[in-house]
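# Chain and residue survey
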Amino acid sequence: MILYNHECYMDAPTRALAGRAETEFRNRFEREPDVIARAPGRLEMLGGHTDYSEGFIMALAIERATVVAAGERDDLHLRAWSDCDETEASFELSRLDEGPWGRWWDYVAGVAQELAAEGCEVPGADLAIVSDVPVGGGVSSSAAIEVATAIALSTLAECSIDPETLALLCQRAENEFVGMRCGILDQFTSVFARTERVLWLDCRTLKRRLVKMGSDEARFVVCDTKKPRELVGSAYNERRAQCEQASELLGVRTLRDVDEPTLDANADLLGGTLLRRARHVVTENQRVQQGVKVLEAGDVEALGTLLNQSHLSLRDNYEVSCRELEAMREAALEATGCFGARLIGAGFGGCVLALVRAEAEDEFITTVARRYETQTGLGPAIFGTDAADGAGLIPADGED
Ligand code: GLA
């Protein structure tokens, strides 16, 4: 039997998170956990809103993760506690149809449902969930909780499940149980990312490559606007529907199958809004393919330019930016050492990714935070990260 078997590397933050999850589990359930699983948040470097049009993406895992400590129960209840709001949820595995509840445990319940649909006999379980992934910030706290829960529950069930199936079932949990029609970017990155690498993924064929970065001149700096993203679900689903409508009008399966000359030739057929949406997807796919080349070549200036072009297209063609994201990006571009910056994730709030000269990072963080706060009155959270490892089990003895 092949269980999900990637063991996490154990750096200091992972060790600390795992320790916290274990302690919370012990305090709440008065026994030791049987398994501990970790799944990171992600940064989309290029390929914004291309995944659900079967396009290309480039993404990496951040050094922030969600850790789930889990222990089997002898009934069919799931009891889960999370440090995101210090609440505990309890529900029966046979009554998941009572959800969704509009709370964080929808991700847990959705994953349990999809694991069962894969033929996995999910046992009752107690879960303690701790995380340092910013919630609602565009770095995919949702995929992190889904993937860590799926690894923990499938391991408890001794269910043989390969990583690709696991990522796909987590996406289905979000599409079907939670009702967010996301693509595959978040879950695949959380599962398949590796240190010092950027994941390139063809979202149609699921062919992927881990691209080694050709330079260590730049750091990834995540700039969280702290602007809540309340309407993101509906606006996201609307963008997705517009892409589907555009491909239907063009007579293709998805926008993956379209190039710019075809768009220009069909401008009248599509009309203003659909033409802009489609133009974003088509040009963003090209930027990803160029991005792989410049990343491998270590050309951080060119990478920064692609990030900037991506942002402008997301803002003007896809219309998923907002005042706070613009203020953050402007502050980033004005600061010393910034090669380029773009909004990441769904948009409408959340984070900007800035590519910053490594030596300038500390000063960058201080000046951007100050400028952003003066502009908007919101206190941001800004942190640098390297490309981190993908999801896995924490070794039982906590050793490296
Ligand atoms: C969200 C979704 C992803 C992807 C990004 C935008 O994070 O969950 O599937 O569409 O937005 O690139």
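About the thresholds
- Along each chain, the written sequence defines residue order, and numbers are assigned to residues from 1.
- The model is predicted, so local features are restricted to residues of pLDDT at least 70 and side-chain atom pairs to those at 80 or more, both for listing and for counting; the totals for chains, interfaces and linings are taken over all residues.
- Each side-chain value is derived from all of the structure's non-hydrogen atoms; neither hydrogens nor water enter the calculation.
- One heavy atom suffices: a residue is near a molecule or strand as soon as one of its heavy atoms comes within 4 Å of it.
- Pairs of N or O atoms are called polar contacts if they sit within 3.5 Å, as long as, within protein, a hydrogen donor faces a hydrogen acceptor (for residues adjacent in sequence, only side-chain-to-side-chain pairs).
- With residues, only the protein chains shown are counted as cover, and all accessible areas are computed by Shrake-Rupley using a 1.4 Å probe.
- Helix numbers and strand numbers start at the N terminus; a helix is a DSSP run of H or I with at least 4 residues, a strand a run of E with at least 2.
- When residue character is reported, Ala, Val, Leu, Ile, Met, Phe, Trp, Tyr, Cys and Pro are called nonpolar, Asp, Glu, Lys and Arg charged, and the others, Gly included, polar.
- Here the rule is simple: two strands pair whenever DSSP picks up at least two bridges between them.
- Note on geometry: axes are C-alpha line fits, over the in-contact stretch for helices, and angles between N-to-C directions span 0 to 180 degrees.
- Only heavy atoms enter the contact rule, under which two residues are in contact if any of them lie within 4.5 Å.
- Domain limits in this description derive from either an automatic procedure or a database domain assignment.
- Note on definitions: buried area is the accessible-area loss of two parts on being combined, 1.4 Å probe, summed for both.
- Throughout this description, the term salt bridge denotes a Lys or Arg side-chain nitrogen within 4 Å of a carboxyl oxygen of Asp or Glu.

## Details of the site of the ligand
Surveying the vicinity of the ligand reveals 14 residues, the closest of which are E44, H49, D51, D186 and Y236. The side chain of R42 places a nitrogen or oxygen atom 2.9 Å from an oxygen atom of the ligand. Here an oxygen atom of the ligand sits 2.8 Å away from a polar atom, N or O, in the main chain of H49. A total of 310 Å² of accessible area belongs to the ligand in isolation, and the protein chains cover 96% of it. Contributions of two or more residues to the shell around the ligand are made by β1 (35-46) and α5 (185-192). Classifying every residue of the shell around the ligand by side-chain character gives 5 nonpolar, 5 polar and 4 charged.

## Observations regarding the sheet that holds strand β11 (residues 381-385)
Hydrogen bonding along the main chain pairs the strands of a sheet, whether they run parallel or antiparallel. Strand order in the open sheet formed by 4 strands is β9-β10-β8-β11, and the pairing between neighbours is antiparallel. Strands at the two margins of the open sheet, each flanked by one partner only, are β9 (338-343) and β11. Along the sheet, successive strands turn relative to each other by an average axial angle of 20°, direction set aside. Two elements, β9 and strand β10 (residues 351-357), share 5 bridges in a ladder whose sense is antiparallel. Looking at the pairing, C338 lines up with V356 of β10. Lying over the sheet, helix α10 (residues 323-334) contacts β8 (218-224), β9, β10 and β11, oriented at roughly 175° with respect to β9.

## Structural notes on the domain arrangement of the protein chain
Under the domain assignment used here, the protein chain contains domain 1 (12-207 + 388-394) and domain 2 (213-385). Computed over C-alpha atoms only, the centres of domain 1 and domain 2 are separated by 25 Å. Summed over both partners, the interface of domain 1 with domain 2 buries about 3,600 Å², with 59% contributed by carbon and sulfur atoms. The largest contributions to the domain 1 side of the interface with domain 2 come from L46, H49 and R181, which together make up 20% of the buried area. A salt bridge links E244 to R181; the nearest nitrogen and oxygen atoms lie 3.0 Å apart.

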